[in-house]
Amino acid sequence: MNIDDKYLLSDIKVSKRKQDEFFSIIKDRANGKPVSRIIKKRNFWNSEFCINDSTLDPRPDSEVLVSSGIELAKIFIKKEINILELGVGSGCILLSLLKEIHFSNGIGVDIDFNTVMVAKKNACNLNVEKKVKFLVSNWTNGFKGNFDLIFSNPPYIKSDDIKNLQIEVSKFDPIIALDGGKDGLSCYKKIFKNIKNYMSNNAFFLLEIEPCLSKHVVSIAKSNDLELFSTQNDLSGQKRCLIFQKLKKN
Ligand code: GLN
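Residues numbered from 1 in each chain as written. Predicted model: local features only at pLDDT ≥ 70, side-chain atom pairs only at ≥ 80, totals over all residues. Heavy atoms only, no water.

**Regarding the overall build of the chain**
Argument step 1. Along the backbone of the chain there are 9 helices and 9 strands.
Argument step 2. Taking 2.2 N^0.38 as the reference for a compact globule, 250 residues should give roughly 18 Å; the C-alpha atoms of the chain span a radius of gyration of 20 Å, in line with that estimate.
Argument step 3. For the chain, the C-alpha atoms occupy an extent of roughly 75 × 40 × 35 Å along the three principal directions.
Argument step 4. Out of the 250 residues belonging to the chain, those deemed buried represent 48%.
Argument step 5. Partitioning the intrachain contacts of the chain with sequence separation of at least 6 by distance along the chain shows that 67% fall at a separation of at least 24.
Argument step 6. Carbon and sulfur atoms provide 53% of the accessible area of the chain, an area that totals close to 13600 Å². (Helix = DSSP H or I, 4+ residues; strand = E, 2+ residues; numbered from the N terminus. Rg over C-alpha atoms; globule rule 2.2 N^0.38 Å. Buried < 20%, exposed > 50% of the residue type's maximum accessible area, 1.4 Å probe, protein only. Contact = heavy atoms within 4.5 Å. Areas by Shrake-Rupley, 256 points an atom, 1.4 Å probe, with all protein chains shown as cover.)

What follows is the structure, encoded as structure tokens:
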């Protein structure tokens, strides 16, 4: 209602319009609309991110990609770290990293123009807009580059499983950010095809996964000359992040 808390202690008068608005929000929530979609923002890592209907709602489980990225950035001797995120969404992962890693710059790629506009707005809100560029592209189509840290949280839910997810997800998250095809792996297959060409010599590629897909993703990586460097668990102890490097040829 955009009122001060002091006002709540006084003899509160709520206009009919405000009451209708309030009850319509309660109805939305009762019908499964997440609070973040109602207030159009969500906290992630240590910032607040605007979201809209075309962005995936940031999940606490994805924060493991941020914490892992911050640790890996310390390994590099060079000063400036180049970061790429494929499927940038609201920008929660990439922008959190750019805020945390002092000497860094990034490119955020998304197939959806409206999503990129939200990520841009979030970059300004976090004061990292000078460190980041955004591209509308289908994964790596149409651009080249050499990056030290690459991130992606691609759609990985099996198409047939989407209807069984909680309504907050199945009805309110954009389907394009969830649907990983019949086996949940279709986007990983596309991304791995070219990713090597975007990795600097000692680069790390950090992927969010559904834990049960782990061995399949590792085998897709192997057939594209990448090897598993480590795995990281999310907040509920599930294997959520796989970290790859280019296969070292002896
Ligand atoms: N982790 C999300 C979920 O379980 C899915 C996000 C994704 O497919 N990348 O709802």
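Further notes follow.
**Re the site of the ligand**
Argument step 1. In the vicinity of the ligand, the contacting residues are Arg59, Asn153, Pro154, Pro155, Tyr156, Ile157, Val169, Ala177, Leu178 and Glu208.
Argument step 2. Between the ligand and the protein, one listed contact pairs an oxygen atom with a side-chain N or O atom of Arg59 at 2.8 Å.
Argument step 3. Considered class by class, the residues forming the shell around the ligand number 7 nonpolar, 1 polar and 2 charged. (Near = heavy atom within 4 Å. Polar contact = N/O pair within 3.5 Å; in protein donor to acceptor, adjacent residues only side chain to side chain. Nonpolar A, V, L, I, M, F, W, Y, C, P; charged D, E, K, R; others polar.)

**Observations regarding the pattern of salt bridges**
Argument step 1. Under the definition given, this model contains 13 salt bridges.
Argument step 2. Here Asp225 ties to Lys196 by a salt bridge, and the two come within 2.9 Å at their closest N and O atoms. With Asp225 in the loop between helix H9 (214-222) and strand S8 (226-233) and Lys196 in the loop between helix H8 (186-195) and strand S7 (199-208), this pair connects stretches of sequence that are 29 residues apart.
Argument step 3. Judged by relative accessible area, Asp225 falls into the partly exposed class, the value being 28%.
Argument step 4. Between Asp234 and Arg240 there is a salt bridge; the shortest N-O distance is 2.9 Å. With respect to class, Asp234 is no different from Arg240; both count as buried.
Argument step 5. When salt bridges that share partners are traced, they join Arg17, Lys18 and Glu21 into one network. (Salt bridge = Lys/Arg side-chain N within 4 Å of Asp/Glu carboxyl O.)

**Some remarks on H8**
Argument step 1. If you check which residues of H8 are buried, you get Cys187, Tyr188, Ile191, Phe192 and Ile195. Mapping the buried residues of H8 onto a view down its axis gives an arc of 125°, with all of them on the same face.
Argument step 2. Those residues of H8 that are buried are in contact with strand S3 (81-86), strand S6 (147-152), S7, H9, S8 and strand S9 (239-246). (Arc of directions from axis to C-beta.)

**Notes on the packing of aromatic side chains**
Argument step 1. Following the criterion strictly, the structure yields 7 aromatic pairs and no others.
Argument step 2. The interplanar angle of 85° and the centroid separation of 6.0 Å between the aromatic rings of Phe76 and Phe204 together place this pair among those described as edge-to-face. Placement of Phe76 in the loop between helix H4 (63-73) and S3 and of Phe204 in strand S7 is noted, with a sequence separation of 128 residues between them.
Argument step 3. When its relative accessible area of 3% is taken as the criterion, Phe204 is described as buried.
Argument step 4. Taken together, Phe76, Phe204 and Phe229 form an aromatic cluster joined through their ring pairs.
Argument step 5. The lysine or arginine in question, Lys79, covers the ring of Phe103, its NZ or CZ lying 4.4 Å from the ring centre. (Phe/Tyr/Trp six-rings, centres within 6.5 Å; stacked < 30°, edge-to-face > 60°. Lys NZ or Arg CZ within 6 Å of the ring centre and 35° of its normal.)

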